[in-house]
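# Fold and geometry: a report
Residue-level listing of the chains:
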Amino acid sequence: SSTSSMTPDNRTRRIVRIQSLCRSYLAQKHFQQYQKLQKFRSLVFNEIIDTETSYLQGLRDILEVHSKLSKVLTEAEMRSIFSNIHIIYSYNSHYYTQLEQCIKSWSITQKIGELFLQLSDFLKVYTEYCQGYNEGISLLQNVAKRNDVSHVLKDFFSTQRKHPNLGAYLITPVQRIPRYKLLLTELLKYTWESHPDYDDLEKACEKVAGTASYLNLKAKEGENLNKVASIQNNIVGKVSFIAPQRRFVREGVLTEVKASSNDKKKSRYVILFNDLLILCKPRRSFLGKKSINGNGTAQWKFVSQFPIKGTEILNDHDALPFSLEVAGSFEGPLILVAESDKEKSEWRNDLDTLIKEAHDMRIDLDKRKELISRQKAEEAKAIVEQKYAEMRISNRKQTLERTSKPSPKMETRRNDSLIVSEMERELLLSEKLDPNEIIEKQKRHLSTIRKMTPQEKLKNAMTAREDLQRLLAEEGDLIALSNEIKEQKAQHFKETVDKIGAGEKKSYLQLRRCEDYTIFF
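The notes below deal with the structure included here. (Residues numbered from 1 in each chain as written. Predicted model: local features only at pLDDT ≥ 70, side-chain atom pairs only at ≥ 80, totals over all residues. Heavy atoms only, no water.)

Tallying secondary structure elements over the protein gives 17 helices and eight strands in all. By the burial criterion, 36% of the 521 residues in the protein qualify as buried. Within the protein, contacts between residues at least 6 apart in sequence are counted, and of these 68% link residues at least 24 apart. About 32,500 Å² of surface is accessible on the protein, with carbon and sulfur atoms providing 53% of the total. (Helix = DSSP H or I, 4+ residues; strand = E, 2+ residues; numbered from the N terminus. Buried < 20%, exposed > 50% of the residue type's maximum accessible area, 1.4 Å probe, protein only. Contact = heavy atoms within 4.5 Å. Areas by Shrake-Rupley, 256 points an atom, 1.4 Å probe, with all protein chains shown as cover.)

Next comes the structure, spelled out in structure tokens:
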């Protein structure tokens with residue numbers, strides 16, 4: 001009843017009051033959300049600063065090693081190992097200075113997306129570094145065996161360092177771009193769409209993500225090379241496992257059992273690569289203790305290796321639990337015993353996958369070989385057909401050249417129809433060369449063909465086929481021209497005979513002097 005007794009003005013004021021309270025509540029709620037998001041933005045930005053500080057320190061350490069190694073390595077070796085690390089350090093130092101300025105003036109509306117956009121334009125320098133990374137690491141592993149280089153590296157890492165070896169330092173630029181992608185994604189996640197920095201951050205994320213996917217692949221390849229090199233350093237023996245396409249899969253300690261006797265059990269350090277299975281045993285000192293490297297890892301002595309290609313896993317060995325029986329191109333089956341069913345399953349799954357990959361790769365290789373063989377056969381067929389057509393053209397021309405000249409009109413037609421290519425001229429001239437020179441020329445031609453890529457050979461075959469069609473067309477023109485000349489000469493001879501029969505007195509000698517008579521016979 002009180003509500004019904006309210007005047008219109010009082011009702012309006014109450015509605016306005018309620019609306020004001022609702023707007024105030026929503027604004028306060030949004031403000032609390034923005035405060036929460038801004039708090040997370042600050043945390044992410046601080047992480048960017050911290051990781052960039054650590055990254056720059058690592059780059060300074062690389063430059064310090066660079067300065068020391070420049071005294072014992074050539075300029076080409078230094079360029080291959082360190083690439084453009086100076087340029088990367090220079091730009092990242094400038095970028096870090098701008099980050100510090102941002103944090104000094106940090107506020108809820110602070111913009112840093114534009115800075116990351118500038119950084120994304122610079123990422124092509126990282127691409128150049130990553131493209132040469134694998135080659136540089138391989139070279140580093142080789143030169144590190146030299147006494148002068150080994151002494152420099154040992155002296156540098158004798159003090160406390162962030163990473164244990166130079167390879168771990170050199171991979172940090174490869175890992176940095178994927179790290180930028182993660183940090184930018186987190187920063188964009190806690191930036192609301194109405195924020196002035198949102199659009200720039202979104203664009204920067206897209207540009208960095210494109211480069212990061214490529215560099216992430218290179219980082220995995222680099223980590224794999226470092227792992228293979230680390231295994232190589234811990235194994236004693238004149239054997240090398242480092243190869244460009246070799247990929248580390250798994251390692252662990254298993255028990256090897258001889259198939260002839262279940263009692264002969266030996267502990268083995270087993271390393272599984274994508275194309276190789278390695279067996280090693282502990283290396284022991286004169287006192288019978290296991291040898292340890294300077295970095296605290298155990299040393300192993302090489303025993304044997306087994307290629308994955310052609311390998312198969314036989315049925316589980318009934319007498320031995322958790323065992324795998326592997327057979328292949330090597331002599332006798334290999335029985336390996338794990339400590340648990342889970343460990344055995346993991347080894348078996350990896351081996352099954354690698355054996356299938358090797359089988360599929362062999363099938364693809366056979367298909368490629370068959371395709372290449374067919375291409376070579378087509379190339380050879382096209383070239384032989386072309387040479388055969390050239391020989392027929394040459395013989396046809398020589399036959400025409402042995403005949404007398406036709407009338408001036410016929411000479412003009414002949415010159416218009418006989419278009420001799422450069423290849424044909426070279427063939428005609430080669431007939432006058434010494435046989436040894438011809439043989440040498442053919443050898444050079446074959447050598448040039450062997451150096452061609454499959455695409456160039458296919459293009460050469462297509463060109464030869466086109467030349468063959470042209471030569472065949474020209475041969476047809478020559479045949480038609482030859483027949484026309486013969487018909488004209490026959491007609492001329494017939495007219496001459498008719499004149500003699502009509503009463504013109506010509507001696508046999510005059511008849512023999514007749515140009516067309518001589519030509520025809």
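If you look at the biggest cluster of nonpolar residues, it comprises 59 residues, and the most contacted ones within it are L69, F82, F116, L166 and L170. Residue contributions to this core peak at 11 residues, all from helix α1 (residues 8-69). (Core = buried A, V, L, I, M, F, W, Y, C linked by side-chain atoms within 4.5 Å.)

Okay, the packing of helix α3 (residues 85-104) against helix α5 (residues 124-131) next. Contact geometry of α3 with α5 gives a least axis separation of 10 Å together with a crossing angle of 150°. One way to sum up the angle between α3 and α5 is to call them roughly antiparallel. Here the hand of the crossing between α3 and α5 comes out left-handed. Between α3, through I85, I87, I88 and N92, and α5, the contact on the second element is made entirely by V125, Y126 and Y129. Classifying every residue of the contact of α3 with α5 gives six nonpolar, one polar and no charged. (Axes fitted to C-alpha atoms, helices over the stretch in contact; angles between N-to-C directions. Parallel < 35°, antiparallel > 145°, perpendicular 65-115°, else oblique. Left-handed = near helix turned anticlockwise from the far one by under 90°. Nonpolar A, V, L, I, M, F, W, Y, C, P; charged D, E, K, R; others polar.)

Another point: a negative patch on the surface. Residues E193, D199, E202 and E206 make up a contiguous surface patch of negative charge. Structurally, the position occupied by E193 is in the loop between α9 (172-189) and α10 (198-234). With relative accessibility at 65%, the residue E193 sits in the exposed group. (Patch = residues over 30% accessible without salt bridge, like charges linked within 9 Å, V, L, I, M, F, W, Y side chains within 5 Å. Salt bridge = Lys/Arg side-chain N within 4 Å of Asp/Glu carboxyl O. Lys, Arg positive; Asp, Glu negative; His and termini not counted. Charge placed at Lys NZ, Arg CZ, Asp CG, Glu CD.)

Looking now at the sheet that holds strand β5 (residues 300-307). Spatially, the eight strands line up as an open sheet ordered β1-β5-β4-β3-β2-β8-β7-β6, and their pairing is mixed. The open sheet has two free edges, formed respectively by β1 (235-236) and β6 (312-313), since each of these has just one partner strand. As judged from the seven bridges shared by strand β4 (residues 276-282) and β5, these two strands associate in the antiparallel manner. Note on β5: the bridge partner recorded for K281 is K301. (Pairing = 2+ DSSP bridges.)

Attention shifts here to the environment of M78. Position of M78 relative to the elements: it lies in helix α2 (residues 75-82). The buried category is assigned to M78, whose relative accessible area is 7%. Considering only alpha carbons, one finds M78 and L139, 61 residues apart in sequence, at a separation of 9.8 Å. Setting aside chain neighbours within four positions, we find M78 in contact with H66, L69, S70, L73 and S83.

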